[in-house]
Amino acid sequence: MANQSRRNFLKTSALIGAGLTGVSSKPAKAAPNNILDENRMGVLVDTTVCIGCRKCEWACKTAHNLSAQSIESYNDRSVFKNMRRPDDKTLTVVNEYAAKGDDQFPVDVKVQCMHCDKPACVSACIVGAFSKEKNGSVIWNGDRCIGCRYCMVACPFQVPAFEYGKAIQPEVRKCDFCFDRTKDGKLPACVEICPMEVLTYGRREELIDLAHQKISLYPDRYVNNVYGEHEVGGTSWLYLAGRDFHELQFPKLGTNPAPGVSEAIQHGIFAYFVPPIALYALFGGVMWLNKNRKQDEHKEANHE
Amino acid sequence: MSEFIKPTPMPRKYFTPTVIFLSVIALVGIIFVFARLIFGIGTVTNLSNQYPWGIWIGIDVAAGVALAAGGFTTAALGHIMHKEEYHLITRPALLTAMLGYTFVAMSVAIDLGRYYYIWHPLIMWNGTSVLFEVGICVMIYLTVLYIEFLPIVTERFIGRVNLPGLLKKYNNSVDKFLRALDRGLDKTMFIFIIAGVVLSCLHQSSLGTLMVIAGPKMHPLWQTPILPLLFLLSAISVGLPMVIFESVLTSRSFDLKPETPILAGLGRMIAPILFIYLSFKIGDMVIRQTFVYLTEFNTASVMFVIELVLGIIVPLRLFMSPQIQRSPLGLSIASFLVIFGVFLNRLNNFIVAYTPPYQFTPYFPSVGEIFVTAGFIAIEVLLFRAFVMIFPIVSVPQIPAVHKTKFSIRGAK
Ligand code: SF4
Ligand code: SF4
Ligand code: SF4
């Protein structure tokens, strides 16, 4: 009897192990796109030429059917009084930072999703609703999203915004790099409209070269740093500025990809499901030994 | 046969003043849940694009999972380590875990923007997502808990099936079915018990990995790559205190004598676990040199010190004292401190430590959030009381006490 249950025990444990490993081959297929193509595109933002006309805000809204007001109303510069962030109805905003000395101009900074090369949102999303596409865009797939907002917890730039006001089908909104326009060969709406050519759309690699050329041509105009070249493993959107980036409220971030540590831990714990199965076997073994020990003790006790 | 202490249903009057008070809280909570479902998350909560997660995740889910750890720690102790003397605490702990995880799942559901898609992770997988792993583990574990509870249901109804009215003629077949179910469960229960412990170890630790990806958004006092280990250790260390605390409360509310010898036995095991947890927490602080942040005086540093001193060091000292180990009151105070400490730790990790780079208004839970959380806890307590009355959960001495339990581990015969 005891023998049989031991055999059963081993058999079932083996079955469970097999079941779990069988399952482990699937997620690879279901995982979202996370492509790092060498020809991926990007945008170089030269904040030193931006005049804060906010036409990009208008163009972005119009391109995404997010009821924009008349283009004239965007001339209103009073919005610069407060720092603003992109939200569910505005995917990009321009903030203005006051001039430091008399001889300087105020600095205007356009803000939107950075389209990270190693995006935290793609790594974090529970159902793989985000994907990094071949052309560099990080986009969101509304059919999958369950609204858990873990992407917002994960994003180091605090970009994704949630439609808190909606009870049914709330969306996570952020700049999608005008994926639907670039697919058809059009420029991103903000890039197209910008009257000062602040925004340069191109291959990310070339943009980085361009940025460094500009810096070496005009060392007085720019700080010697391209924000986005190395931050959190690199981003598709890159910035040039005449002032320290932290004064312009760019977050201080290291060069390691944002999802790096958590993915390493995750893969350590779940390396081909070996650790969980080993744990299962270990507990099973301990249980079996203890049970037998107890039974032997009982038998002895009964004999006396 | 030596059937002296046996789990028995407790037929009592259900409604007491406390129960009525709890019911009112539960009702208000439910009203807010409906408001959230009808008007959306924004109307009921203070969540924003800066603070995407609030107390529904920090308390209901994170602390809820940790405080339901009694289920897997007692299963490991009673069934895997095969310490038979502790079998009589496994049932209340199992019930707590089952109810606890049920409400964790419900809290997740109402916090999801699209709650009706809660099943998506089952078919849409993302292997790199920690949340995905936590979600799947919790779903499976909840199922395992229900299965582990089934034998208690069969035990209650076998030979006592009494369907009303027309259904009477099925009494026999239902009884037969229950017996077959019971036999089947008896043979296979060990599979579920081990699975439950493994799944718990996995998701208790992964719950800690959740916030790792928030990187610099999280205060350095808490943000560490060993978060999963700290979460696992703290979950293990809060398991037994939860059982002790609950057992004392149950004894009081049903006028039973507390199981002091058994609770003392449990109490002796807590100090070493707490000590290991404390060493890792301090070691982590020393290695990452985060103690410099303790010299600043702000919410984070104060909360961290409270968590460390009141939640770990004081109860550690208490559990080491033999007087405390012998007194139910002492044990429950020390246990309460551990529970408080782990509760605070989860709250700190998920809410206090979270500092978004662009902050406009600091987060404080809204009235709605607080009432929903309180309401869920109230419903849990009410259900616990109801279950204890209906099912054989709490062990009571049948004839003068000798510590020996009737049931052995299922499937281990
Ligand atoms: S900035 Fe945030 S939302 Fe945009 S790609 Fe990076 S992680 Fe994702
Ligand atoms: S809110 Fe949606 S997109 Fe964001 S992590 Fe959750 S499921 Fe993914
Ligand atoms: S790329 Fe498109 S979506 Fe992004 S800010 Fe520009 S216009 Fe808006």
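With that out of the way, let us pick up helix α4 (residues 70-80) of chain B. For α4(B), the buried fraction is high: 11 of the 11 residues fall into the buried class. Among the residues of α4(B), B:Gly70, B:Gly71, B:Phe72, B:Thr73, B:Thr74, B:Ala75, B:Ala76, B:Leu77, B:Gly78, B:His79 and B:Ile80 are the ones counted as buried.

Attention now moves to the packing of aromatic side chains. Two numbers describe a pair of aromatic rings. These are the distance of the centres and the angle of the planes. The full count for this structure, using the stated rule, is 27 aromatic pairs over all chains. Between A:Phe245 and A:Phe250, the ring centres sit 5.1 Å apart and the planes meet at 85 degrees, which makes this aromatic pair edge-to-face. A:Phe250 carries the same exposure label as A:Phe245, and that label is buried. Ring pairing ties together the aromatic residues A:Phe157, A:Tyr227, A:Tyr239, A:Phe245 and A:Phe250, which thus form one cluster. Over the face of the ring belonging to B:Tyr358 we find A:Arg85, whose NZ or CZ atom lies 3.7 Å from the ring centre. Note that A:Arg149 overlies the ring of A:Phe162, its terminal NZ or CZ placed 5.3 Å from the centroid.

A few words now on unusual backbone geometry. It is generally the case that most residues other than glycine have a negative phi and that most peptide bonds are trans. Residue and element names in this part refer to chain A. Positive phi outside glycine occurs at glutamine 158, with the angle close to 55 degrees. Within the secondary structure, glutamine 158 is located in the loop between α5 (150-154) and β6 (161-162). A positive phi angle, near 50 degrees, is found at glutamine 169, a position not held by glycine. Residue position: glutamine 169 is located in the loop between β6 and β7 (172-173). Accessibility expressed as a relative area gives 30% for glutamine 169, which makes it partly exposed.

On to the sheet that holds strand β1 (residues 41-46) of chain A. Residue and element names in this part refer to chain A. A sheet is described by the order of its strands in space; here 3 strands give the open sequence β8-β1-β9, paired in mixed fashion. The open sheet has two edge strands with one neighbour each: β8 (199-203) and β9 (237-240). Pairs of neighbouring strands in the sheet enclose a mean axial angle of 25 degrees, with direction left out of account. Note: β1 against β9, 4 bridges, orientation parallel. Within the sheet, the bridge partner assigned to aspartate 46 lies in β9 and is leucine 240.

Quick look at the site of ligand 2 now. Residues in close proximity to ligand 2 total 14 residues, the closest being A:Cys125, A:Cys145, A:Cys148, A:Arg149 and A:Cys151. The class makeup of the residues in the shell around ligand 2 is 12 nonpolar, 1 polar and 1 charged.

Residues and elements named next belong to chain B. Following the sequence through the fold, aspartate 60 ends up in helix α3 (residues 55-67). Despite its burial, aspartate 60 pairs with no opposite charge, the nearest such side chain being arginine 36 at 11 Å. Here serine 107 takes part through its side chain, which lies 3.4 Å from a polar atom of the side chain of aspartate 60. Ignoring any residue separated from it by four or fewer positions in sequence, one finds aspartate 60 in contact with Ile55, Val104, Ser107, Thr373 and Phe376.

Okay, the confidence of the model for chain B next. Keep in mind that low pLDDT regions are not for reading the predicted coordinates in detail. Residues and elements named next belong to chain B. Averaged over all residues, the pLDDT of chain B equals 89, while 95% of them reach at least 70. Every residue in residues 400-413 is under pLDDT 50, and counting partners more than four places away or in other chains gives 46 contacts. Scored by ipTM, the complex comes to 0.89, with pTM at 0.89.

What follows is about the interface of chain A and chain B. Frequently, the measure chosen for interface size is the accessible area that the parts lose on association. The interface is formed by 76 residues belonging to chain A together with 67 residues belonging to chain B. Both faces considered, chain A and chain B share a buried interface measuring about 6,100 Å² in area, 63% of it formed by carbon and sulfur atoms. Summed over the shared surface of chain A and chain B, the number is 1 salt bridge. We note a salt bridge from B:Asp111 to A:Arg149, for which the minimum N-O separation is 3.0 Å. The tally of links between chain A and chain B comes to 29 residue pairs in polar contact (both at pLDDT 80 or more). Secondary-structure elements contributing two or more residues to the side of chain A that touches chain B are α1 (2-24), α2 (27-30), α4 (120-124), α5, β6, α9 (260-269) and α10 (274-303) of chain A. Take the side of chain A that touches chain B: its biggest share by element is 13 residues, from α10(A). For the side of chain A that touches chain B, the class distribution of residues is 46 nonpolar, 17 polar and 13 charged.

With that settled, consider the packing of α4(B) against helix α5 (residues 87-111) of chain B. Residue and element names in this part refer to chain B. Across the interface, α4 lies against α5 with an axial gap of 8 Å and an inter-helix angle of 155 degrees. The orientation of α4 with respect to α5, classified from their angle, is roughly antiparallel. Considering only the axes of α4 and α5, their crossing is left-handed. Contact residues: Gly70, Gly71, Thr74, Gly78 and His79 in α4; His87, Ile89, Thr90, Ala93 and Ala97 in α5. Of the residues assigned to the contact of α4 with α5, the class counts are 3 nonpolar, 7 polar and no charged.

Residue and element names in this part refer to chain A. Taken as a whole, this structure holds 23 salt bridges over all chains when the rule is applied. A salt bridge links glutamate 163 to arginine 173, with the shortest nitrogen-to-oxygen separation between them at 3.2 Å. Of this pair, glutamate 163 sits in the loop between β6 and β7 while arginine 173 sits in strand β7, and the two are 10 residues apart along the sequence. Judged on exposure class, the residue glutamate 163 and its partner arginine 173 are both buried.

Conventions and cut-offs
- Residues numbered from 1 in each chain as written.
- Chains lettered and ligands numbered in written order.
- Predicted model: local features only at pLDDT ≥ 70, side-chain atom pairs only at ≥ 80, totals over all residues.
- Heavy atoms only, no water.
- Buried < 20%, exposed > 50% of the residue type's maximum accessible area, 1.4 Å probe, protein only.
- Helix = DSSP H or I, 4+ residues; strand = E, 2+ residues; numbered from the N terminus.
- Phe/Tyr/Trp six-rings, centres within 6.5 Å; stacked < 30°, edge-to-face > 60°.
- Lys NZ or Arg CZ within 6 Å of the ring centre and 35° of its normal.
- Pairing = 2+ DSSP bridges.
- Axes fitted to C-alpha atoms, helices over the stretch in contact; angles between N-to-C directions.
- Near = heavy atom within 4 Å.
- Nonpolar A, V, L, I, M, F, W, Y, C, P; charged D, E, K, R; others polar.
- Lys, Arg positive; Asp, Glu negative; His and termini not counted.
- Salt bridge = Lys/Arg side-chain N within 4 Å of Asp/Glu carboxyl O.
- Polar contact = N/O pair within 3.5 Å; in protein donor to acceptor, adjacent residues only side chain to side chain.
- Contact = heavy atoms within 4.5 Å.
- pLDDT = per-residue confidence, 0-100.
- Buried area = accessible area lost by both parts, 1.4 Å probe.
- Parallel < 35°, antiparallel > 145°, perpendicular 65-115°, else oblique.
- Left-handed = near helix turned anticlockwise from the far one by under 90°.

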